[in-house]
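Secondary and tertiary structure notes
The chain contents come next:
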Amino acid sequence: MEEKEISQAVIGRLPRYFRYLGELKDQGVERISSQDLSGLMKVTASQIRQDFNNFGGFGQQGYGYNVEYLYNEIGKILGLDRQHNFIIVGAGNLGRALGNYLNFERRGFIFRGIFDCDPKLMGMKVRDVSVMPMEEMEHFIREHNIDIAVLTIPKTGAIDVAEKLVQNGIRAIWNFAHVDLNVPEGIQVENVHLSDSLMKLSYNIRKGQKPEEIEDGGT
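Because the structure is a prediction, the values reported are computed rather than measured.

Considering the arrangement of structural elements, one finds asparagine 175 in strand β8 (residues 172-175). A polar side-chain atom of asparagine 175 sits 3.0 Å from the main-chain amide nitrogen of alanine 177. At a separation of 3.0 Å, a polar atom in the side chain of asparagine 175 contacts the main-chain carbonyl oxygen of valine 179. Setting aside chain neighbours within four positions, we find asparagine 175 in contact with Leu151, Leu181, Val189, Glu190, Asn191 and Val192.

Structure, rendered in structure tokens:
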């Protein structure tokens, strides 16, 4: 049977459902209605039902949703029932911070290696993983079945590095470099622009200010 095309907006909400359901499961909640879930997440009950109906519904009229079952099913949809090996390219502050984030492993994302071109960083430990030279990256990817690369390098070298990643079997790139990557069809790229998020916050602060505060520069 042909798989139904799901909108990116729906896919974008799935991790949030997964997170809230995980918290409910940890609290011992066994079932929840779309209305109660709506109150927690500030998403309309109608939207929740529509989203879940894309995958078969999961609910039962008059009963609501079994929290643990729904949590597990959304985890499968997100591919969290399998292990993903990832590397980090760029051992600067951001790369090391991501390497030290333990919650990735709880979701099945296993940190296998970190690479950089700075000789001063060679051998530095990020948890129990040593920073390796870029020259070893391609062989490492092939030998360790790496399918995700996290790119935390300056944009000047990001395009060339992305090409090498794809050539050596990387299937997805989590891109923190401030550059658009031109990758073949079928390679997944998730762009993260941290300054964009700050600018959105800045806009919303300004939007919430009174006119006289804006004229005074917000002081």
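The rest of the description comes next.
Its boundaries defined by the atoms lining it, the largest pocket holds a volume of some 2000 Å³. Secondary-structure elements contributing two or more residues to the lining of the largest pocket are α1 (8-26), α4 (67-77), β3 (84-89), α6 (103-106), β7 (148-151), β8 and β9 (188-191). Per element, the largest residue contribution to the lining of the largest pocket is eight residues, and it comes from α1. Its residues assigned to classes, the lining of the largest pocket comprises 21 nonpolar, eight polar and 12 charged.

Of all hydrophobic cores here, the largest spans 23 residues; its most connected members are Ile87, Val89, Met137, Leu151, Leu165, Ile173 and Leu181. The leading source of residues in this core is helix α8 (residues 155-167), at five residues. When neighbours within four sequence positions are excluded, methionine 137 is seen to be in contact with Ile87, Val89, Phe115, Val161, Lys164 and Leu165.

Moving on, we come to the pairing of β8. Across four bridges, the pairing between β7 and β8 is parallel. Residue isoleucine 148 lies in a different strand from β8, and its bridge partner there is alanine 172. Running through α8, the crossover from β7 to the neighbouring parallel element β8 is right-handed. Pairing analysis gives four bridges linking β8 to β9, with the strands arranged parallel. Counterpart to isoleucine 173 in the pairing with β9 is valine 189.

About the thresholds
- All residue numbers refer to position in the chain's written sequence, counted from 1.
- Side-chain atom pairs in this predicted model are given and counted only at pLDDT of 80 or more, local residue features only at pLDDT of at least 70, and totals for whole chains, interfaces and linings cover all residues.
- Values shown for side chains rest on all heavy atoms present in the structure; no hydrogens or waters enter the calculation.
- Helix and strand assignments come from DSSP, with helices taken as H or I runs of at least 4 residues and strands as E runs of at least 2, each series counted from the N terminus.
- Two N or O atoms form a polar contact when they lie within 3.5 Å of each other; inside protein one atom must be a possible hydrogen donor and the other a possible acceptor, and for residues adjacent in sequence the pair counts only when both atoms belong to side chains.
- Residue contacts are counted whenever heavy atoms from the two residues lie within 4.5 Å of one another.
- In the cavity and pocket records, a cavity denotes points on a 1 Å grid over the protein atoms alone where a 1.4 Å probe fits but cannot get out, a pocket denotes an open set with protein on both sides within 12 Å along at least 5 of 7 lines, and lining residues are residues with an atom within 4 Å of a point.
- Grid points are joined across faces, edges and corners, and a volume is the space filled by probe spheres set on the points.
- Amino acids are sorted into nonpolar (Ala, Val, Leu, Ile, Met, Phe, Trp, Tyr, Cys and Pro), charged (Asp, Glu, Lys and Arg) and polar (every other residue, Gly among them).
- As used in this record, nonpolar core signifies buried Ala, Val, Leu, Ile, Met, Phe, Trp, Tyr and Cys residues forming a set joined through side-chain atoms within 4.5 Å.
- Each residue is assigned to one of three classes by its accessible area relative to the maximum for its type, calculated with a 1.4 Å probe on protein chains only: buried under 20%, partly exposed between the two thresholds, exposed over 50%.
- Any two strands between which DSSP finds at least two bridges are classified as paired.
- The path from the first strand over the helix to the second decides the hand: if it runs clockwise while the strands point away from the viewer, the crossover is right-handed.

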